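Listed here are the chains, written in short residue letters.
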Amino acid sequence: MTALSAFFYRKPRLRLGFLLSAPLLWLGLAYLGALAALFVTAFWHTDAFTGQVVIEWSLDNFTTLFSDAVYRTITFRTVGIAALVTVIDAVIAFPMAFAMAKLASPRAQRILVIAVMTPLWASYLVKAYAWRSMLSGNGALSWLSPGYGVTATIITLSYLWLPYMILPIYAGLDRLPDSLVDASGDLGARSFRTFRSVILPLTFPAIVAGSIFTFSLSLGDYIAVKIVGGTSQMLGNVVYDNIGAANNLPFAATVATVPVVIMLVYLAAVRRTGALDNL
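Residues numbered from 1 in each chain as written. Predicted model: local features only at pLDDT ≥ 70, side-chain atom pairs only at ≥ 80, totals over all residues. Heavy atoms only, no water.

Notes on the overall build of the protein chain
Scanning the protein chain for helices and strands turns up twelve helices and two strands. Mapped in sequence order, the helices and strands of the protein chain form the string α-α-β-β-α-α-α-α-α-α-α-α-α-α. Across the 279 residues that make up the protein chain, the buried fraction comes to 36%. Once local pairs closer than 6 in sequence are excluded, the contacts in the protein chain between residues at least 24 apart make up 67%. Total accessible area on the protein chain stands at roughly 16400 Å², and carbon and sulfur atoms take up 68% of it. (Helix = DSSP H or I, 4+ residues; strand = E, 2+ residues; numbered from the N terminus. Buried < 20%, exposed > 50% of the residue type's maximum accessible area, 1.4 Å probe, protein only. Contact = heavy atoms within 4.5 Å. Areas by Shrake-Rupley, 256 points an atom, 1.4 Å probe, with all protein chains shown as cover.)

Quick look at the structure:
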């Protein structure tokens, strides 16, 4: 053993820090650095004649974002869609996860977990266009949605992100001791009372953990609404359009800060539930 190896062997915390230095550096540069650049760019503006970014600090982009009724409507629509997708996925995912964790045999559990993860192996675009076909006027599920629009977007996003809700809830239910459920029944509690007083409180952090995925992914999505959303828009579409056709990078950065701030507030709120321990 060399002197350097012996030194790190005697200093486990220093060894851990050395091993984590490279990924943490990459995180700082690629992710946090990009967020910082995004936030800074939001205070600049684009020259209307040349289309070039002008580095002059102002709050004009934020003023436009918060004062224009169109952008307020798009913001509320985006948050509403993300919240509704999260609720729908939680309602669908919980009984599926419960059957996987508490009713299926160990062998069946492994098969069901693979079945839940299988849709994640397919292309996002393939799945989104499949829903476009099914929700079209002569599609197999056209009765679910009156054409392309907000309803079709909610249905498509709910399907796309459902596995991200099932797996955390399954993990939470799998850790729930069967003895607690049996004890509740022995004390005379009916099934609904056991669910409300025992199962739901103990698995609530797992539900919130799943909601972090479904809410954040829906909040930033812009492809599904392009495919099945019709004329409706979400924040992601505004960012995409301002980067591309409008060539207004500072305003795109301003709009992009909205979902980032919303998610930071949401994460700060759910941190108290212990949900982050389920990720």
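Comments concerning the packing of helix H3 (residues 60-67) against helix H12 (residues 249-270)
Between H3 and H12, whose axes approach to 9 Å, the crossing angle comes to 55°. One way to sum up the angle between H3 and H12 is to call them oblique. Once H3 is placed against H12, the crossing between them reads as right-handed. Residues Asn-61, Phe-62, Thr-64 and Leu-65 of H3 lie in contact with H12, whose contacting residues are Pro-250, Phe-251, Thr-254, Val-255, Thr-257 and Val-258. Here the contact of H3 with H12 is built from residues that sort into six nonpolar, four polar and no charged. (Axes fitted to C-alpha atoms, helices over the stretch in contact; angles between N-to-C directions. Parallel < 35°, antiparallel > 145°, perpendicular 65-115°, else oblique. Left-handed = near helix turned anticlockwise from the far one by under 90°. Nonpolar A, V, L, I, M, F, W, Y, C, P; charged D, E, K, R; others polar.)

Observations regarding H3
Turning to H3, its buried residues number three or more, namely Asn-61, Phe-62 and Leu-65. For H3, the buried positions fall inside an angular range of 95° around the axis, keeping them on one side. At its buried positions, H3 is contacted by helix H4 (69-103) and H12. (Arc of directions from axis to C-beta.)

Focus: the side chain of Thr-86
Considering the arrangement of structural elements, one finds Thr-86 in helix H4. Overall, the relative accessible area of 11% leaves Thr-86 in the buried class. Contact partners of Thr-86, with chain neighbours within four places excluded, come to Met-165, Ser-211, Thr-214 and Phe-215.

A closer look at the layout of surface pockets
By volume, the largest pocket is sized at about 440 Å³. Around the largest pocket, the lining comprises 16 residues; the ones closest to its centre are Tyr-31, Leu-35, Ala-256, Pro-259 and Val-260. At the level of elements, helix H2 (12-41), helix H9 (191-220), helix H11 (235-243) and H12 are the ones that each hand at least two residues to the lining of the largest pocket. Here the lining of the largest pocket gets seven residues from one element, more than from any other, and that element is H12. In the lining of the largest pocket, the residues fall into 13 nonpolar, three polar and no charged. (1 Å grid on protein atoms, 1.4 Å probe; cavity = no way out; pocket = protein on both sides within 12 Å on 5 of 7 lines; lining within 4 Å. Points joined across faces, edges and corners; volume = space filled by probe spheres on them.)

Notes on helix H6 (residues 124-134)
Taken residue by residue, H6 has Lys-127, Ala-128 and Trp-131 as its buried positions. All buried residues of H6 project into a common sector of 95° when viewed along the axis, lining one side. Measuring from the side-chain oxygen of the N-cap residue of H6 to the backbone nitrogen of Leu-125 gives 3.3 Å; that N-cap residue is Ser-123. (Polar contact = N/O pair within 3.5 Å; in protein donor to acceptor, adjacent residues only side chain to side chain.)

Section: the environment of Phe-213
Position of Phe-213 among the secondary structure elements: in helix H9. Spatially, the C-alpha atoms of Phe-213 and Pro-163 are 9.8 Å apart, while their sequence positions differ by 50 residues.

As for a nonpolar patch on the surface
A cluster of nonpolar side chains, namely Val-53, Ile-55, Trp-57, Ile-243 and Leu-249, defines an oily patch on the protein surface of about 530 Å² accessible area. Looking at the secondary structure, you find Ile-243 in helix H11. On the accessibility criterion, Ile-243 (48% relative accessible area) is partly exposed. (Patch = residues over 30% accessible without salt bridge, like charges linked within 9 Å, V, L, I, M, F, W, Y side chains within 5 Å. Salt bridge = Lys/Arg side-chain N within 4 Å of Asp/Glu carboxyl O.)

Treat this as a map of the structure, not an account of what it does.
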